[in-house]
Amino acid sequence: MKKFLATIMAVGALAIAAPAIAAPAVGSPAPDFSATDVNGKAIKLADLKGKIVVLEWTNNECPYVKKHYGSGNMQKTQKEATAKGVEWITINSSAPGRQGHVSAEDAKKIMSDAGGTPSAEILDESGTIGKAYDAKTTPHMFVIDKEGTLAYAGAIDDNPSPKPEDAATAKNYVLAALNDIEAGKPVETPTSQPYGCAVKYGD
Amino acid sequence: MRRLLKACLVSLFFLLSIGPVRAQDGEGPYVQIRLVPEGVLKPGGEIYVAIEQSIAPGWHTYWKNPGDSGAAPRIKWSLPAGFEVGEIEWPVPHKLPYGPLLNYGYEDGVILLQKIRAPAELAEGAVTLKADIDVLVCKEICIPESGTYELILNGLDSSSADNTDYFGNARGKMPAPAPGHATYAEQGGTFVIEMPVAWPQTIKRYDYIPTEWGMVENTAPSEITVEGGRLTIKQPRGQRALSDVNEVPGLLLWSMEDTGPMNAYAFTATISDTSVAATPVPAPNTAPDQSLIVVLFFALLGGLILNLMPCVFPVLSIKALSLVKIAEKEPAKARLHGIAYTAGVIFSFLISAGLLIALKSGGAQIGWGFQLQNPEMVTLLAWLFFIIGLNLSGIFEIGGHFGNVGNKLTQGNTPGHSFFTGVLATLVATPCIGPFMGVALGFGLTQSAFSNLLVFAVLGFGLALPYLALSFIPALQKILPKPGVWMHTFKQLLAFPMYASAAWLVWVLSQQSGQMGVFAALMGLVLIAFGIWLLRHEPAKLLWKNLVRVFAILAFLAALMLIPGGTQKPEKSTGFSQEWSPQKLSQLLEGGDAIFVEMTAAWCITCKVNHAIAIDTPSTRRVFSERNVQYLVGDWTNQNPEITQYLNEFGRNGVPIYVYYGPRSNGVRPEPVLLPQILTPGIVAKAVTGN
């Protein structure tokens, strides 16, 4: 019912120039979504139950995204996560004509050039998924546990500096959350203030 | 061109800082930064440094809480040994909406301030400090700009440059500290901040900006209301757990104009359970504490009026007459009695206030009169009045074998007795809280602990004042009739108000504990009377004497065991009225009819009198039915947090309260009208019909 409401709200948001959407709370079910990834494969979050899922919001032209790809921090985090069997979904919610909006081919090229290894990439032009999660910045990170419960929402790390060299010394909240979940512990930092460029939603 | 001109002016006028700016994407820079010292930095001294950002048109930089996206500027100083730097002081930001997001930041330009402290040893001549500054500047897209900037202190032209206006202007954009202490709480998905305020009605606009991220949904509108001296900010909760924060800072924006820039108060809210506050509350732009003085005046008046209440008057008049006897012989001793009595009263009031504050900070939704919401307390008070009555009737006058309070009350003549008379006077005054004190107590309870205690102390002082005056001013003593045999008769006469008070309290108890409670309380009276009778007829032989005493004590203990507990629903109101509940009220507010709300309690005499003479009368009934007035009654005889909260909304902490909500006209409902605490049918009719 909650998911249904969230979907209704997300659709409603698109229809009537985006009113404020209540963000999904950490500890409550992550909003379900279905989409087709850049390789044409259908993805449905509900089907991934039993796996830990990481959602990463991206925009390759955003300096903060560049910070984390330029320093190799995002790629490293992706590798560590996927090595643990985590499903990593990179989502781009830039609307057509806005910064960071790319075709599926370009998205694949950008990712492979950067050496990134997400499990899937989704182009969310309409912003439906972004708004369902209340994704605000690029990067903005979400961790969903095996039961489909939102376990972490926020920044990738604790240093909102734009400088690539600061990524190495910062505390990586996503890896910390994954470790806590694996250890069966509650996530120590379940939310943090996301930092970076605004997600370039359409009007 | 304008930027170029500005840059030229900058270098011409100050030549103090040179900042190499490098933009990441070739274009730009979009933010020009310069560092300006306020003046000469002396050894061991401190000055402000301005970090000035000139922002390209259409672009913006961020506040310390950037909002939904973005990032605050970062300033990293490289300081020579011994130098220290303070926190960044941020001017009030603007709300910058961006699609479905909301950011807090600055457009065109901003001056951040930071304090720099010099070491005690500071060589003469110029000192150069360096700062690495990262600024994120955004329009449609975001660009981080960074650079290293120099601040040259005590340079050649430092002493000649007059920066007074520049820094005065910069300081003028900082938020002022909020005058009241704010608290926060979460109520059903809404973040609620409350702050006591005492400002004029002319404030036209409010706004709220969270300094801490994640407490509220930034984009959701905040609902800000002022009612009964309390400002409430409500905004849907954000995703960050409350356990993640301790104190929650924020900005309250306000303006007396319909348009234009707003003033800002910075506050730091603590979680609402700890209701102890730090500062009293002045109104903005008006004389501080004016309202407190008015309230204190009413507290004094209320205290004075308490002397005339049927439960207090007998006790005090006897005491006053005995004072005259003392005063004739030993004026100094009389004054001592006056002081001891005053101390006793104020002491008891402060204890009550302390208890009330403690209970409230423990989260209890209570108000004044809370003592009488407890059947045990009502029973004990009924017995106390009964015992005082017996004493006044002359049933027992034997000097203190045991805690014979009533006896000591009238007969005792040491200052210690006077102190306890003060305590007793406060105790017996409890049920007679007069209307004047409703406002004072309501105010007191929403204020800081200090003004709270002050209000109660003044209330007590008012109660003690007549006796105190009597003990100090011989001329007043002369007004009182000469002591004589008539006093004995008068004293016996005064027993009857005491019995009446006891009877009334038993009736209150009937509403709280039902028939069994009344029976238990009455049996208690019998046992007390029996115990007193036993003590009056003590045999001469020690063994029998002790046996009789044991029986007497057993009788009193048995009475104590009878004290009824438990509560039962107060009687339902009859046909004419409907039972008040928050749901019922909001449901009726949705509709168009006028609404009259009465909050009452069985133990509240004023409430009962008002109801009988002004509301439950043929004329008021007719007015209500002609005008389709929905009449709601809330009963506060037993504790009811919802009613307590309603009272608080109107700045009150006790009953009665009468609120009239006019009917909707053109779909708009007028502001509710608070009626006086002493009603006449005329007042009610005028509120409803307007004439």
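These figures come from a predicted structure and were not determined experimentally.

1. Considerations on the overall build of chain A
Reasoning step 1: Helices and strands together make up the secondary structure of chain A, namely six helices and nine strands.
Reasoning step 2: A buried classification covers 49% of the 203 residues belonging to chain A.
Reasoning step 3: Looking at chain A alone, contacts between residues at least 24 apart form 75% of all its contacts between residues at least 6 apart.

2. Considering the overall build of chain B
Reasoning step 1: Broken down by element type, chain B carries 18 helices and 24 strands.
Reasoning step 2: Residue burial in chain B is summarised as follows: out of 691 residues, 43% are buried.
Reasoning step 3: Sequence-distant contacts, at least 24 apart, represent 76% of the contacts inside chain B between residues at least 6 apart.

3. Some points on the interface of chain B and chain A
Reasoning step 1: Residue-level contacts link 27 residues of chain B with 27 residues of chain A.
Reasoning step 2: The set of elements that each furnish at least two residues to the side of chain B that touches chain A consists of β10 (127–138) and β11 (142–153) of chain B.
Reasoning step 3: In terms of residue class, the side of chain B that touches chain A is made up of 14 nonpolar, six polar and seven charged.

4. Side note on the nonpolar core
Reasoning step 1: One finds A:V54, A:F142, A:V143, A:Y152, A:V174 and B:V137 to be the most contacted residues of the largest nonpolar core, which totals 110 residues.
Reasoning step 2: Counting residues per element, this core draws most heavily on β10(B), which supplies seven residues.
Reasoning step 3: Mapped onto the domain boundaries, this core takes at least three residues apiece from domain 1 (2–174) and domain 2 (177–271) of chain B.
Reasoning step 4: Setting aside residues no more than four positions away along its own chain, A:Y152 makes contact with A:V26, A:F142, A:V143, A:Y173, A:V174, A:A177, A:V187 and A:P190.
Reasoning step 5: Membership of the second largest hydrophobic core comes to 92 residues, among which are B:L300, B:A602, B:F624 and B:V629.

5. Focus on unusual backbone geometry
Residues and elements named next belong to chain A.
Reasoning step 1: Here the amide bond leading from T138 into P139 is cis, since omega sits at -10°, within 30 degrees of zero.
Reasoning step 2: Assignment of secondary structure puts P139 in the loop between β6 (137–138) and β7 (141–144).
Reasoning step 3: Of note, the phi angle at D134 is positive, near 60°, even though the residue is not glycine.
Reasoning step 4: Assignment of secondary structure puts D134 in the loop between α5 (128–133) and β6.

6. Thoughts on the packing of helix α16 (residues 618–626) of chain B against helix α18 (residues 681–689) of chain B
Residues and elements named next belong to chain B.
Reasoning step 1: Running from N to C, α16 and α18 point in directions that differ by 10°, and their axes come no closer than 10 Å. Put simply, α16 runs roughly parallel to α18. Residues S619, T620 and V623 of α16 form the contact with α18, whose participating residues are P681, V684, A685, V688 and T689.
Reasoning step 2: Across the contact of α16 with α18, the residue classes tally to five nonpolar, three polar and no charged.

7. Overview of the sheet that holds strand β5 (residues 120–123) of chain A
Residues and elements named next belong to chain A.
Reasoning step 1: The sheet built from five strands is open, its strands ordered β5-β4-β3-β7-β8 with mixed pairing. Whereas interior strands pair on both sides, the edge strands pair on one side only; in this sheet they are β5 and β8 (150–154). Within this sheet the neighbouring strands show an average axis-to-axis angle of 15°, counted without direction.
Reasoning step 2: Sheet topology note: the strand β3 (residues 53–57)/β7 ladder contains four bridges and is antiparallel. In the strand pairing of β7, V54 is matched with V143.

8. Examining the pairing of β8(A)
All names here are of chain A.
Reasoning step 1: For β8, a buried count of five out of five residues is recorded, marking the element as mostly surrounded by other parts of the structure.
Reasoning step 2: For β7 and β8, the ladder comprises four bridges, and the chain directions are antiparallel. In the strand pairing of β8, V143 is matched with Y152.

9. Some points on the environment of A:L45
Residues and elements named next belong to chain A.
Reasoning step 1: With respect to the element layout, L45 can be found in the loop between β2 (42–44) and β3.
Reasoning step 2: Between the C-alpha atoms of L45 and A30, which are 15 residues apart in sequence, the distance is 8.8 Å.
Reasoning step 3: Non-local contacts of L45, meaning those with residues more than four positions away in its chain, are made with A30, D32, F33 and V53.

10. Some thoughts on the environment of A:D203
All names here are of chain A.
Reasoning step 1: Examined against the element boundaries, D203 turns out to sit in the segment after β9 (197–198).
Reasoning step 2: The exposed category is assigned to D203, around which 9 C-beta atoms lie within 10 Å.
Reasoning step 3: Separated by 77 residues in sequence, D203 and S126 have C-alpha atoms that sit 9.9 Å apart.

11. Points about the sheet that holds strand β21 (residues 595–600) of chain B
Residue and element names in this part refer to chain B.
Reasoning step 1: Strand order in the open sheet made by the five strands is β20-β22-β21-β23-β24, with mixed pairing throughout. Looking at strand neighbours, the two that pair on one side only are β20 (578–579) and β24 (673–675), the edges of this open sheet.
Reasoning step 2: Bridging between strand β23 (residues 657–661) and β24 involves three bridges; their strand directions are antiparallel. Note that in β24 the partner of Y658 across the bridge is L675.

12. Quick notes on helix α17 (residues 641–649) of chain B
Every α-helix winds through 3.6 residues per turn, so residues three or four apart in the chain are directed the same way.
Reasoning step 1: Those residues of α17(B) that fall on the buried side of the exposure criterion are B:I643, B:T644, B:Y646, B:L647 and B:N648.
Reasoning step 2: Once α17(B) finishes, B:G651 follows within two positions and takes phi at roughly 75°, a positive value.

13. Thoughts on the packing of helix α12 (residues 486–536) of chain B against helix α13 (residues 542–562) of chain B
All names here are of chain B.
Reasoning step 1: α13 packs onto α12 with a crossing angle of 165° between their chain directions and a minimal axis gap of 8 Å. Classified by the angle their axes make, α12 and α13 are roughly antiparallel. When you trace α12 past α13, the crossing you get is left-handed. In this structure, α12 contributes A520, M523, G524, L527, I528, F530, G531, L534 and L535 to the contact, and α13 contributes V548, F551, A552, A555, F556, A558, A559 and L562.
Reasoning step 2: Of the residues contributing to the contact of α12 with α13, the split by class is 15 nonpolar, two polar and no charged.

14. Observations regarding the confidence of the model for chain B
All names here are of chain B.
Reasoning step 1: Here chain B averages 77 in pLDDT, and 80% of its residues register 70 or above.
Reasoning step 2: In the model, residues 3–26 has pLDDT below 50 throughout and makes 41 contacts with residues more than four positions away in sequence or in other chains.
Reasoning step 3: With pLDDT under 50 throughout, residues 274–290 is counted as low confidence; its partners more than four residues away or in other chains account for 36 contacts.
Reasoning step 4: For this predicted complex, the interface score ipTM comes out at 0.76, while the overall pTM is 0.50.

15. A closer look at the pairing of strand β13 (residues 183–187) of chain B
Side-chain direction in a regular strand flips from residue to residue, so the side chains alternate between the two faces of the sheet.
Residues and elements named next belong to chain B.
Reasoning step 1: Note that β13 and strand β14 (residues 190–196) share five bridges and pair antiparallel. Of the residues in β14, the one forming a bridge with Q187 is T190.
Reasoning step 2: Direction of pairing for β13 relative to strand β19 (residues 263–271): parallel, over a ladder of two bridges. In the strand pairing of β19, T183 is matched with T270.

16. Some remarks on the environment of A:E105
All names here are of chain A.
Reasoning step 1: Along the polypeptide, E105 turns up in helix α4 (residues 104–114).
Reasoning step 2: Overall, the presence of 9 C-beta atoms within 10 Å leaves E105 in the exposed class.
Reasoning step 3: Between the alpha carbons of E105 and N39 there is a distance of 8.7 Å; along the sequence they are 66 residues apart.

Procedures and definitions
- Residues numbered from 1 in each chain as written.
- Chains lettered and ligands numbered in written order.
- Predicted model: local features only at pLDDT ≥ 70, side-chain atom pairs only at ≥ 80, totals over all residues.
- Helix = DSSP H or I, 4+ residues; strand = E, 2+ residues; numbered from the N terminus.
- Buried ≥ 20, exposed ≤ 12 C-beta atoms within 10 Å, placed from the backbone.
- Contact = placed C-beta atoms within 7 Å.
- Nonpolar A, V, L, I, M, F, W, Y, C, P; charged D, E, K, R; others polar.
- Core = buried A, V, L, I, M, F, W, Y, C linked by C-beta atoms within 7 Å.
- Domains from an automatic or database assignment.
- Axes fitted to C-alpha atoms, helices over the stretch in contact; angles between N-to-C directions.
- Parallel < 35°, antiparallel > 145°, perpendicular 65-115°, else oblique.
- Pairing = 2+ DSSP bridges.
- Left-handed = near helix turned anticlockwise from the far one by under 90°.
- pLDDT = per-residue confidence, 0-100.

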